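# Topology and contacts: notes
Residues per chain, in single letters:
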Amino acid sequence: TEHYLPALVAGIEEQNREIEAIVNNPEEPTFENTILALDNSGQTINKVAYVFFALTESMSSPELQKVDEEFTPLLTKHSDEISMNDKLFERIKKVYDGRANHNYTTAQLRLIEDKYKSFTRNGALLDAEKKEELKNLNTELANLYLQFNKNLLSATNAFELVVEDPIKLLGLPASSIAVAAEEAKIRGKEGKWVFTLHAPSRLPLLQYAQNRELRQQMYEGYINLATEGENDNRPIINRIMQVRTKKAALLGFDNYAAYMTDKVMAKTPQAAKDLLMKIWGPAIKQVKKEVSEMQAIVKEEGGKFKIEPWDYYYYAEKVRQK
């Protein structure tokens, strides 16, 4: 864990030297000495960040979170300094503006256009005052994302579904029961069973537990994650939306959705919504069919209740087996 920050700092220093070499090159900007050189820079940062963020997203810990409190703001600041480097952007713009005068391959043109757009989307065209404003917004967003993930992890780790009656475990695989018994022992509840919101514990319970109340408690614990107490993420989400709105406006977009879709195939929020709505109809039709099949099994078993979301995994498995 202690290696990540020094590696990031070393990577930043390395890329700063690479950027300086591009900016101070006395030759006219070309694809090779500017666009390709920039694209090839920062290899150490990429290696470190890919590994670090893969771990924080999949198996975070208080130790990694502590590192991330410095790691992400430092990386954000470095990215901003590159994107708002006037001399670097001047070279990129010269290559971009003259791209029609060269026989660039499709791949080269794509890279030139991507680099130019990336810089303009990240503040290269703003004046000095607005660049500072954008940097402050980016820093605030980075810290908000950190707090959001911290709350999410804390809430996930704090949740426990304690079972005392073994009858409630009917249907569960022996491996899941054994893991729950071990978790209870770790938490000082030996002789009981503790289920958590972590996928290896949560999913088998939703899929196999015959006890409907148990499934409901797990499902509701999951969908209400980080919505109360000291880990409540709702104020964080509200502030993220406010800052994103300011950022989008600063960069000339009507809203953050317009800012995000501008860089992808959809291009506009409306186009993205139109595509989703084309899928929505068939998706609803399929869900109704699946629920109908599940409801038929409930009826066969003598049950009278209506399928709820917490029943979905359980009866989907029964449909699959049938």
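Placed above this text is the structure.
What comes next is a walk through the structure. (Residues numbered from 1 in each chain as written. Predicted model: local features only at pLDDT ≥ 70, side-chain atom pairs only at ≥ 80, totals over all residues. Heavy atoms only, no water.)

Once that is clear, we can look at the overall build of the protein. Within the protein one finds 14 helices and two strands. Here the protein has a C-alpha radius of gyration of 26 Å; the compact-globule value for 322 residues is 20 Å, and the former is much larger. With the C-alpha coordinates aligned to their principal axes, the bounding extent of the protein is approximately 80 × 50 × 35 Å. Looking at the 322 residues of the protein, the share that counts as buried comes to 37%. As displayed, the protein has an accessible area near 19400 Å², and 55% of this comes from carbon and sulfur atoms. A gap of 7 Å separates the mean positions of the 43 positive and 47 negative side-chain charges of the protein. (Helix = DSSP H or I, 4+ residues; strand = E, 2+ residues; numbered from the N terminus. Rg over C-alpha atoms; globule rule 2.2 N^0.38 Å. Buried < 20%, exposed > 50% of the residue type's maximum accessible area, 1.4 Å probe, protein only. Areas by Shrake-Rupley, 256 points an atom, 1.4 Å probe, with all protein chains shown as cover. Lys, Arg positive; Asp, Glu negative; His and termini not counted. Charge placed at Lys NZ, Arg CZ, Asp CG, Glu CD.)

One way to put it is that helix 13 (residues 269–300) packs onto helix 14 (residues 312–321) with a least axis distance of 9 Å and a crossing angle of 80°. Considering their axes alone, helix 13 and helix 14 lie roughly perpendicular with respect to each other. Residues Glu290, Val291, Glu293, Met294, Ile297 and Val298 of helix 13 touch helix 14, and the partners they reach there are Tyr312, Tyr315, Ala316, Lys318 and Val319. Classifying every residue of the contact of helix 13 with helix 14 by side-chain character gives eight nonpolar, no polar and three charged. (Axes fitted to C-alpha atoms, helices over the stretch in contact; angles between N-to-C directions. Parallel < 35°, antiparallel > 145°, perpendicular 65-115°, else oblique. Contact = heavy atoms within 4.5 Å. Nonpolar A, V, L, I, M, F, W, Y, C, P; charged D, E, K, R; others polar.)

Turning our attention to helix 9 (residues 199–208). For helix 9, the complete set of buried residues consists of Ser201, Arg202, Pro204, Leu205 and Leu206. Check the buried side of helix 9 and you find it contacts strand 1 (161–163), helix 8 (174–186), strand 2 (193–195), helix 10 (212–223) and helix 14.

For helix 5 (residues 86–97), which comprises 12 residues, the first-to-last C-alpha distance of 16 Å matches the rise-based estimate of 16 Å (1.5 Å per residue) to within 8%. Capping of helix 5 at its N-terminal end is provided by Asn85; its side-chain oxygen lies 3.2 Å from the backbone amide nitrogen of Lys87. (Expected span 1.5 Å × (residues − 1). Polar contact = N/O pair within 3.5 Å; in protein donor to acceptor, adjacent residues only side chain to side chain.)

By secondary structure assignment, the location of Thr156 is in helix 7 (residues 128–158). A distance of 2.7 Å separates a polar atom in the side chain of Thr156 from the backbone oxygen of Leu152. The contacts of Thr156, once residues within four sequence positions are left out, are Leu197, His198 and Leu225.

The grouping of Leu275, Leu276 and Ile279 at the surface amounts to a nonpolar patch, some 310 Å² of accessible area in total. Topologically, Leu276 is positioned in helix 13. (Patch = residues over 30% accessible without salt bridge, like charges linked within 9 Å, V, L, I, M, F, W, Y side chains within 5 Å. Salt bridge = Lys/Arg side-chain N within 4 Å of Asp/Glu carboxyl O.)

As a further point, take the pattern of salt bridges. Counted under the stated rule, the structure contains 21 salt bridges. Here Lys135 and Glu132 are joined by a salt bridge, their closest N and O atoms 3.5 Å apart. One end of the pair, Lys135, and the other, Glu132, are both in helix 7, three residues apart, so they sit about a helical turn from each other. For Lys135, a relative accessible area of 24% puts it in the partly exposed group. Linked through salt bridges whose partners overlap, the residues forming this network are Glu160, Glu183, Arg187 and Lys189.

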